[in-house]
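Residue-level listing of the chains:
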2 protein chains.
Amino acid sequence: MRTVIIGGVAAGMSAASKLKRLNPNCEVVVFERGKETSYGACGLPYYISGVNKDENLLRIRTADAFIASGIDLRLCHEVLAVDSAHKSVQVKNLTTGEESFCSYDQLVIATGADSILPPWPGSTLNNIFTLKSIEDANCIRAAAQQAQRIAVIGGGYIGLEMVEAFHKMGKEVLLFEKDSHVLTSFDVEFSELVEAGLAPYVAALHTNESVVGFEGKDTVQRIVTNKGIYEVDLVLVAVGVRPNTGFLQGCNLATLDNGALLIDEMMRTSIPNIWAAGDCASVRHKLLQKDVYIPLATNANKQGRYLAENIAGQHHAYLTALGTAMIKIGEMELGRTGLSEKEAIVNNVAYLTTIIQNTDHAPYYPGGEDITIKLVFSAESGVVLGAQLFGRQGVALRTDVMAACISAGMTVKQVGELDFGYAPPYAMPWDALHVAANVSESLFVKNSKKRSGSLDI
Amino acid sequence: MRTVIIGGVAAGMSAASKLKRLNPNCEVVVFERGKETSYGACGLPYYISGVNKDENLLRIRTADAFIASGIDLRLCHEVLAVDSAHKSVQVKNLTTGEESFCSYDQLVIATGADSILPPWPGSTLNNIFTLKSIEDANCIRAAAQQAQRIAVIGGGYIGLEMVEAFHKMGKEVLLFEKDSHVLTSFDVEFSELVEAGLAPYVAALHTNESVVGFEGKDTVQRIVTNKGIYEVDLVLVAVGVRPNTGFLQGCNLATLDNGALLIDEMMRTSIPNIWAAGDCASVRHKLLQKDVYIPLATNANKQGRYLAENIAGQHHAYLTALGTAMIKIGEMELGRTGLSEKEAIVNNVAYLTTIIQNTDHAPYYPGGEDITIKLVFSAESGVVLGAQLFGRQGVALRTDVMAACISAGMTVKQVGELDFGYAPPYAMPWDALHVAANVSESLFVKNSKKRSGSLDI
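Numbering of residues begins from 1 in every chain and follows the order in which that chain's sequence is written. The naming scheme follows written order: chains are lettered A onward, ligands numbered 1 onward. Given that this is a predicted model, residues contribute local features only at a pLDDT of at least 70 and side-chain atom pairs are listed and counted only at 80 or more, while totals for whole chains, interfaces and linings are drawn from all residues. Neither water nor hydrogens contribute to the side-chain values; these are computed over all heavy atoms in the structure.

Caption draft 1: Expanded view of the overall build of chain A. Helix numbering and strand numbering both begin at the N terminus, where a helix is a DSSP run of H or I of at least 4 residues and a strand a DSSP run of E of at least 2. Of regular secondary structure, chain A possesses 11 helices and 25 strands. Over its C-alpha trace chain A gives a radius of gyration of 24 Å, about what one expects of a compact globule, namely 23 Å for 457 residues. Dimensions of chain A, computed from the C-alpha atoms along their principal axes, are close to 80 × 55 × 40 Å. Burial analysis of chain A (457 residues in total) assigns 58% to the buried set. Partitioning the intrachain contacts of chain A with sequence separation of at least 6 by distance along the chain shows that 62% fall at a separation of at least 24. Each charge class in chain A was averaged separately, 39 positive and 49 negative side chains, and the resulting centres sit 2 Å apart. Values of the radius of gyration come from C-alpha atoms, whereas the globule rule sets the reference at 2.2 Å times the count of residues to the power 0.38. Working definition: with a 1.4 Å probe on protein chains only, accessible area under 20% of the residue-type maximum means buried, over 50% means exposed, and in between means partly exposed. Two residues form a contact once any of their heavy atoms are found within 4.5 Å. Only four residue types enter the tally: Lys and Arg on the positive side, Asp and Glu on the negative side, with His and both chain ends excluded. The atoms used to mark charge sites are NZ of Lys, CZ of Arg, CG of Asp and CD of Glu.

Caption draft 2: View of the relation of the copies chain B and chain A. Residues reaching a pLDDT of at least 70 in both copies supply the C-alpha atoms on which the copies are superposed by least squares. Take chain B, turn it by 180°, move it 0.0 Å along the axis, and it overlays chain A with an RMSD of 0.0 Å. In symmetry terms, the pair is related by a two-fold rotation axis. Proximity to the rotation axis, assessed at the C-alpha, singles out Val401(B) in chain B; its C-alpha lies 2.2 Å from the axis. Most of the interface of chain B is mirrored in chain A, where 100% of its interface residues again form contacts.

Caption draft 3: Spotlight on the sheet that holds strand β14 (residues 219-225) of chain A. Residue and element names in this part refer to chain A. A pair of strands is labelled paired if DSSP reports no fewer than 2 bridges between them. Spatially, the 3 strands line up as an open sheet ordered β13-β14-β15, and their pairing is antiparallel. Whereas interior strands pair on both sides, the edge strands pair on one side only; in this sheet they are β13 (211-217) and β15 (229-231). Neighbour to neighbour, the strand axes of the sheet diverge by 30° on average, direction disregarded. Across 6 bridges, the pairing between β13 and β14 is antiparallel. Bridged to Gly213 within β14 is Val224. For helices, the fitted line uses only the C-alpha atoms of the stretch in contact; every axis is such a line through C-alpha atoms, and the angle between N-to-C directions lies from 0 to 180 degrees.

Caption draft 4: Looking closely at the environment of Leu58(A). Structurally, the position occupied by Leu58(A) is in the loop between α2 (44-49) and α3 (63-68). You can call Leu58(A) buried: its relative accessible area is 0%. Apart from residues lying up to four places away in sequence, Leu58(A) is in contact with Ser38(A), Tyr39(A), Gly40(A), Gly43(A), Leu44(A), Tyr47(A), Asn52(A), Ile134(A) and Tyr364(B).

Caption draft 5: Up close: the interface of chain B and chain A. Facing the 62 residues of chain B at the interface are 62 residues of chain A. Note on definitions: buried area is the accessible-area loss of two parts on being combined, 1.4 Å probe, summed for both. Of the roughly 5,400 Å² buried at the junction of chain B and chain A (both faces included), carbon and sulfur atoms supply 67%. By the criterion of area lost to chain A, the three top residues of chain B are Tyr364(B), Asp419(B) and Tyr426(B), representing 15% of everything that side buries. Criterion for a salt bridge: a side-chain nitrogen of Lys or Arg within 4 Å of a carboxyl oxygen of Asp or Glu. For the pair chain B and chain A, the interface holds 0 salt bridges. Here a polar contact is taken to be a pair of N or O atoms separated by no more than 3.5 Å, where protein atoms must pair a possible hydrogen donor with a possible acceptor and residues adjacent in sequence count only if both atoms sit in side chains. Remark: the boundary between chain B and chain A carries 14 residue pairs in polar contact (both at pLDDT 80 or more). Counting residues per element, the ones that place at least two in the side of chain B that touches chain A are α7 (297-311), β21 (325-329), β22 (332-338), α9 (396-407), α10 (412-416) and α11 (432-451) of chain B. Element by element, the count of residues in the side of chain B that touches chain A is highest for α9(B), at 9 residues. Note on residue classes: Ala, Val, Leu, Ile, Met, Phe, Trp, Tyr, Cys and Pro are nonpolar, Asp, Glu, Lys and Arg are charged, and everything else, Gly too, is polar. Across the side of chain B that touches chain A, the residue classes break down as 37 nonpolar, 16 polar and 9 charged.

Caption draft 6: Expanded view of the pairing of strand β6 (residues 99-103) of chain B. Residues and elements named next belong to chain B. Of the strand pairs in this sheet, strand β5 (residues 88-93) and β6 are connected by 5 bridges, and their pairing is antiparallel. Within the sheet, the bridge partner assigned to Val89 lies in β6 and is Cys102. In this antiparallel pair of consecutive strands, β5 and β6, the connection spans 5 residues, and Gly97 shows a positive phi of 85°.

Caption draft 7: Spotlight on unusual backbone geometry. Residues and elements named next belong to chain B. Within the chain, Cys76 stands out as a residue other than glycine whose phi angle is a positive 55°. The topology assignment puts Cys76 in the loop between β3 (72-74) and β4 (77-83). Classification of Cys76 as buried rests on a relative accessible area of 17%. One non-glycine residue, Lys87, adopts positive backbone phi at about 50°. Within the element layout of this structure, Lys87 appears in the loop between β4 and β5.

Caption draft 8: Layout of the packing of helix α1 (residues 10-22) of chain B against α7(B). Residue and element names in this part refer to chain B. Between α1 and α7, the least distance of the axes is 7 Å, while the angle of their chain directions is 35°. α1 and α7 meet at a crossing whose hand is right-handed. Facing α1, whose interface residues are Ala10, Ala11, Ser14, Ala15, Lys18, Leu19, Arg21 and Leu22, α7 presents Ala300, Asn301, Gly304, Arg305, Leu307, Ala308, Glu309 and Ile311. Classifying every residue of the contact of α1 with α7 by side-chain character gives 9 nonpolar, 3 polar and 4 charged. Each helix crossing is assigned a hand: it is left-handed if the near helix lies turned anticlockwise from the far helix by less than a right angle, otherwise right-handed if that turn is clockwise.

Caption draft 9: Geometry of the side chain of Lys328(B). Residues and elements named next belong to chain B. Topologically, Lys328 is positioned in strand β21. Residue class for Lys328 comes out buried when judged on its relative accessible area of 16%. A distance of 3.2 Å separates the side chain of Lys328 from the side chain of Glu164, its partner in a polar contact. Here the side chain of Lys328 touches Gly330 through a polar contact of 2.8 Å, landing on its backbone oxygen.

Caption draft 10: Structural detail: the sheet that holds strand β2 (residues 27-31) of chain B. All names here are of chain B. Reading across from one edge, β3-β2-β1-β7-β18 is the order of the 5 strands in this open sheet, with parallel pairing throughout. Where the open sheet ends on each side, the last strands, each with one partner, are β3 and β18 (274-276). Each strand of the sheet is rotated relative to its neighbour by a mean of 15°, with strand direction disregarded. Here strand β7 (residues 106-109) pairs with β18 via 3 bridges, running parallel. Bridged to Leu107 within β18 is Ile274. The sheet contacts of α1 involve β1 (2-6), β2 and β3, and relative to β2 the element is tilted by about 165°.

Caption draft 11: Structural detail: the pattern of salt bridges. All told, the structure shown has 40 salt bridges over all chains when counted by the stated rule. Put simply, Arg59(A) and Glu36(A) hold a salt bridge, and the shortest N to O gap is 2.5 Å. Remark: Glu36(A) occurs in the loop between β2 (27-31) and α2 and Arg59(A) occurs in the loop between α2 and α3; sequence separation between them is 23 residues. When its relative accessible area of 21% is taken as the criterion, Arg59(A) is described as partly exposed. Between Asp187(B) and Lys374(B) there is a salt bridge, with the nearest N and O atoms lying 3.0 Å from each other. One end of the pair, Asp187(B), is in the loop between β11 (172-176) and α6 (188-197); the other, Lys374(B), is in strand β24 (residues 370-378), with 187 residues separating them in the sequence. Take Asp187(B): its relative accessible area is 2%, and that puts it in the buried class.

Caption draft 12: Spatial organisation of the nonpolar core. Membership of the largest hydrophobic core comes to 56 residues, with the highest contact counts inside it found for Ile373(A) and Ile373(B). Once residues lying within four places of it in the same chain are set aside, the contact partners of Ile373(A) are Phe190(A), Thr354(A), Ile355(A), Ile356(A), Gln388(A), Leu389(A), Ala432(A), Leu433(A) and Ala436(A). We call a set of buried Ala, Val, Leu, Ile, Met, Phe, Trp, Tyr and Cys residues a nonpolar core when their side-chain atoms join them within 4.5 Å. With 54 residues, the next largest nonpolar core counts Val4(A), Ala277(A), Ala308(A) and Ala325(A) among its residues.

Caption draft 13: View of the packing of aromatic side chains. Working definition: rings of Phe, Tyr and Trp (its six-membered ring) pair if their centres are within 6.5 Å, and the pair is stacked with planes under 30 degrees apart, edge-to-face with planes over 60 apart, and tilted otherwise. Scanning the entire structure with this criterion turns up 10 aromatic pairs over all chains. Between Tyr365(A) and Tyr46(B) the ring centres are 4.8 Å apart and the planes differ by 90°, which places this aromatic pair in the edge-to-face class. In this pair, Tyr365(A) is assigned in the loop between β23 (351-359) and β24 (370-378) and Tyr46(B) in helix α2 (residues 44-49), connecting two distinct chains. Here Tyr365(A) and Tyr46(B) have matching classes, each one buried. Here Arg141(B) stacks its cationic end above the ring of Tyr47(B), 4.6 Å away from the centre of that ring. Working rule: Lys NZ or Arg CZ, within 6 Å of ring centre, within 35 degrees of ring normal, means a charge sits over the ring.

Caption draft 14: Structural context of the side chain of Arg336(B). All names here are of chain B. Structurally, Arg336 is set in strand β22. Side-chain polar atoms of Arg336 contact the backbone oxygen of Gly338, separated by 2.9 Å. Each residue touching Arg336, except ones within four places of it in the same chain, is listed here: Tyr157, Ser185, Phe186, Leu322, Gly323, Thr324, Ala325, Glu343, Ala387, Gln388 and Thr399.

Caption draft 15: Representation of the environment of Gly34(A). Here Gly34(A) lies in the loop between β2 and α2. In this structure the C-alpha to C-alpha distance between Gly34(A) and Cys76(A), which are 42 residues apart in sequence, comes to 5.0 Å.

Set out below in C-alpha cells:
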C-alpha cells in the first residue's frame, strides 16, 4: 500500500513518521516543494535576530534521518495536480524540470499555507519580504544587516515577533496595521496593553493605516500608505497566510471560503482516500462546533499524527481546537485560548466577561509581576468559554491551564475550586486564575439572580 | 448572631473576612494566640535568607485593617477550652493573664498546626528551632548570622527550603533525614533527582539517619544520631506538623488519628455549630474519596472561605483536594499533584506509570531546560491519577495544568489531545505534557491488549 504525502513540514512529516512507525511495511512517499523538511518555522524570528545563531537548531529532524527511517522523502518536488479518478499525482522535479506521475492508495495533502503578499504596486522591488522558510530568514537577515529603517506590515503574531527581532538588531522599526489595533486575535484591552508595551521597540506605530504601494529603484525606498509616505530600507509583510491549495483546482474538493480543505473529524476530505492536515485544512472549533481556519503548528502536528493513525486503521478523531496561542513580544508575554469576547459576540453566544489584575507570585518572594486575566464565560451556565492573559512571566503556562479547564467544560466556579499548587516563587495560595474565576463566579451569580428577578441590592 | 473563630492566620482570617463581606451585620470575633495575623508562613525561609529583606511583606493584611473592616480581632488571646453544651469558649488574655468566657452561635476552629519538636534529650538547648511564626524567623535569622555549621533535620518542603536559605547565608549545612530519601511526598525517582541536585547546597546529606539527641552547654554544640556525632552551632527541626487541637480534649469531636478534626463536605465537625478549617482539620482527597491530612495553605484558604459561605447560609461544598504542591530548591523546581506511585500502591489502585524526559521549550530559542514528568494513571480506564514534575523552569505551572486535568477526570489520551499553546520561548508544538500523555497512552493501549489477550508483538 502506498501513501503519498504532499508537503513535508509539520503536518506532512508528522503523518509520515507516525505512519511508518505504525506500519513499517507500508510505502510512504513525501513530495516537498522546498529544500527543507520539518523545520521550526516559529523559530525564524529568533534566528533572524541572532538570539539563536545556529540555523541547524531550526531543523527538528533532517531529511537524511527521515529517509533512514524508510520514508521516501523527495525534496524540491512539486505536485502540480491531483487526479483523484485515477488516484495519481503529477509531480515536477524542480531540480531537473522533469515531470512524472505517481499513483497512490491514500493521499495526504499537507501543503501548508503561503504568506500573503498583496499585489501592491511596487511589491516586486528588492528588500520586500515575507517570512516562511529558512531561506526567507537568511535573505531577511542578510538584508536587514544593511538596513537602517524597517517597516513591518501587519501587527499579528509574526509581525510583532519581527518587530522585536529587528529592534534587537538595532534597527528603527515602523509598524503598520490596517486595523484599529494590533493583535486582533485578542480583545481590545489586550491589544492596548501590547501597544503601550511596544513603545520601546518601535519608532512609530501606525494603526488604521493601509499600505497603498511601494516606491524605489530596484530596491524599496518608500512605503506609501493612505496617510503618508515613509522612507524605508526594508519591508517585511506579515498580513496573514493563505492555504496552499491552488494546485487542486478542478478536483472539486470541498473547502472553506479561503480555500482551506474542509476535513471531517477523521481528517478525510470530501473525496475518498484523500486526507488533509495542517495549515491547508480546516479544523473543528471545540466550542463553536464549526469548521474554522486556525493555521497553527499545534493543530498541524496533531492532525498529521492522528491522520496517520486513521490511515493505519485506527480511529482517532481529532478532538478539536480552541485556538490556544501564546506569544512573547519583548518583555511582554501573552496567551489566549477559547473564545475572545469579539468571537462570542460574532457567534451570538450569551456571555459574561470579567477582567482582573493580580500578581504572578507571592509578594514575599522578589520579582513578582502583574498579570492581567480576562475570562469569557456562558451567562447561562457559567461554563468558561475563553481566557486571555497578559504579563511578563507566568502567563503562557497559565493559558494552558485554562485550555485544559475549557476543554473539560468547567464552570468558573469549578475553576475557582481547583487545587492549584502554591509556593512563593511561583504563585499565591489563591492563584491569579482562582481570583479571575472567583470574580467571574460572583458576576455569574449576581447576573443569574437579576435574570430570575430575585436580585435585591 | 455571633461567630467566634479560634485562630487568626490563613483559614481563620479567610473565614472572618468572607463572613463579614457576606453579612456585614454579623458579629465576628477572632481569638489569635500569637501576636501576628494573616502572614505568609511559606515566605519565612526567604525572609530568613535575606532574599526578601522586608518583614512587612510577609504581612498580607494587618490586624488594623481587619479591625477596620469590622472584625473583632483579639491578638494574644488563647482559647483554653470549648464548652459545646453551653456554646461558649474559655479565653485567656496572654498579655494580662485574665481569663473570661465568650459565647457563640457558630464556632470555627482554625487553630492550624504546630511544628513538631520531638522530646529528644537536649532539645531545650538554645539554638534549636522550629519554624512557624515571624517571631521564629527573626530568632533563627539572628542566631544563624552568628552560626557557621547548621543542621537541618527533616528533608521535607520546609527542611529543603531552609537548606537553600542557610546555604545562601553562607553557612555549612548538614541535612538529616530518617527515611532513605528526602521529599517523601514524591516518588523515589524525584527524591534521587533532588538529592543529586542538593550537592552544591549541603556539606553532607545524611539519609537513613535518626536523631538521638543534642549535646551542649546552654547552646547546642553537637547533634547525636544513630550513626555519629556532629559539631553544629544551630539546629532547625522540620520533621512535620501536628494539628493544634489538644485544647479540645474532652469535647468528643471526631478526629483523624493524628488529632486533626474530621469535617464533612460542608466543613462541619461532628458537633453541631462547630466548624473547622485549615491545618487543624481533615480534607477530602478527590481521588481516594477519603478524609486525609494535607496541611497546605491552599486548602486552608479555600476551606476558610467556603466555610464562611456555609455559615452565611449558602451551600459551598469543598470540592476536595489533590495534594498539589510545588517547591523551589535552589535551581530545582518541582511539582506534584494527585497520587504518587507510592500512594497508588498503598491504596490498592490498579495503576500504570511512565516517566519521560523532555524539554521545557523549543531548541531554537535559547535557555531550554530538561523537564522530567512522571504520570500515574488507571490501568483500567487510562484516567490520570497523578503527576510529578522536575526541572529548572516551567515545572510549577505545568503541575497546575495536570491538577486541572486530574480534577476533570481526563484520560491520558485526552491530555495528549489538549490544545496547549506553542511559542518557542515557552513550549514545543507537542508540549512536554503531551509527550508524557502520549507515551502513557501507548502503554495503556499495549497493557489493555495484553490484559484482553490480543497482544501480538
